[in-house]
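Architecture at a glance
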Amino acid sequence: MIMDFTPRKFNLFLMLKLPSAYISGVRLKAIDANKCTVSVKHRWMNQNPFKSMYFAVQAMAAELSTGALVTLHIKNSGRNISMLVARNKAEFTKKATGRITFICNDGHLIEEAIKKTIASGEGQTFWMKSIATNEQGTQVSEMDFEWSVRVK
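Sequence order sets the numbering: in each chain, residues are counted from 1 along the sequence as written. Only residues with pLDDT of 70 or above have their local features reported here, since the model is predicted, and side-chain atom pairs are shown and tallied only from 80 upward, although totals for entire chains, interfaces and linings are computed over all residues. Computation of side-chain values covers all heavy atoms of the structure but excludes hydrogens and water.

**What to know about the sheet that holds strand E3 (residues 81-92)**
The antiparallel open sheet is built from six strands, whose spatial order is E1-E2-E4-E5-E6-E3. At either end of the open sheet lies a strand with only one pairing partner, and these are strand E1 (27-31) and E3. Within the sheet, the average angular offset between the axes of one strand and its neighbour, ignoring direction, is 25°. Should DSSP find at least two bridges between two strands, the strands are regarded as paired. Counting from the N terminus, the helices are the DSSP runs of H or I reaching at least four residues and the strands are the DSSP runs of E reaching at least two. As paired strands, E1 and strand E2 (residues 36-41) are joined by four bridges and run antiparallel to one another. Across the sheet, the residue bridging to Ile 31 is Cys 36, located in E2. The contact rule is simple, with two residues in contact once any of their heavy atoms fall within 4.5 Å. Angles shown run from 0 to 180 degrees and are taken between the N-to-C directions of axes, each axis being a line fitted to C-alpha atoms and, for helices, limited to the stretch in contact. On the sheet, helix H3 (residues 55-77) packs against E1, E2, E3, strand E4 (99-104), strand E5 (124-133) and strand E6 (139-151) and is oriented at approximately 35° with respect to E6. Most of the contacts of helix H4 (residues 108-120) go to E5, to which it runs at about 160°, and overall it touches E3, E5 and E6.

**Description of the pattern of salt bridges**
One side-chain nitrogen of Lys or Arg within 4 Å of one carboxyl oxygen of Asp or Glu is enough to make a salt bridge. Enumeration over the complete set of coordinates arrives at four salt bridges. The partner of Glu 146 in a salt bridge is Arg 87, with the nearest N and O atoms 2.8 Å apart. Within this pair, whereas Glu 146 is found in strand E6, its partner Arg 87 is found in strand E3, the two being separated by 59 residues in sequence. Here Lys 115 makes a salt bridge to Glu 111, at a shortest N to O gap of 3.7 Å. Placement of both Lys 115 and Glu 111 in helix H4 is noted, with a separation of four residues, approximately one turn of the helix. Several salt bridges share partner residues, and in doing so they unite Lys 129, Glu 142 and Asp 144 into one network.

**Overview of the packing of aromatic side chains**
Any pair of aromatic rings gets described here by the distance separating the centres and the angle formed by the planes. Side-chain rings of Phe, Tyr and Trp (the six-membered ring for Trp) are treated as a pair once their centres are within 6.5 Å; stacked means planes under 30 degrees apart, edge-to-face means over 60, and tilted covers the remaining angles. Applying the stated rule across the entire model yields two aromatic pairs. Between Phe 10 and Phe 13, the aromatic rings sit 5.5 Å apart at their centres with planes inclined by 50°, giving tilted as the arrangement. With Phe 10 and Phe 13 both in helix H1 (residues 7-17) and three residues apart, the pair spans about one turn of that helix. For Phe 10, a relative accessible area of 9% gives the class buried. In our convention, an over-ring charge means Lys NZ or Arg CZ found within 6 Å of a ring centre and within 35 degrees of that ring's normal. In this arrangement the basic side chain of Arg 27 is found over the ring face of Tyr 22, its NZ or CZ atom lying 3.6 Å from the centre. The cationic tip of Lys 89 hangs over the ring face of Trp 127; the distance from NZ or CZ to the ring centre is 4.9 Å. Categorising residues by exposure relies on relative accessible area from a 1.4 Å probe, with only protein chains included: less than 20% of the type maximum marks a residue as buried, more than 50% marks it as exposed, and the intermediate range marks it as partly exposed.

What follows is the structure in structure tokens.
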């Protein structure tokens, strides 16, 4: 496993390449081969007119919790592989206020797709889920992203 993939370095990448997510307060907190944790605090800058977190900010954080895992696995493969969100779906169940934590536990799905795209040269798709909870542990949203990977 490549060890230089740290939350601090990824958050620097976020600041430089995805400034809207960084300015909104989205931060990668922890990552390993199977799980990624991202958090964002509700504040004036990222709220909607109803005084809760704007859905697009939640989508950025949820996508990051899945996409960082895909990025990690691609980096660890040592191959030149493209990645793209093909589709997504979301369900919002409670107002998002306070610190919201997004967790994706689907890292195990990526390795097989990368192996298949390397072996076949054809694109592979897979769905990953990110669950968002508030500080009380209550689920506020659930988002699914269909990722596509393909050897370049």
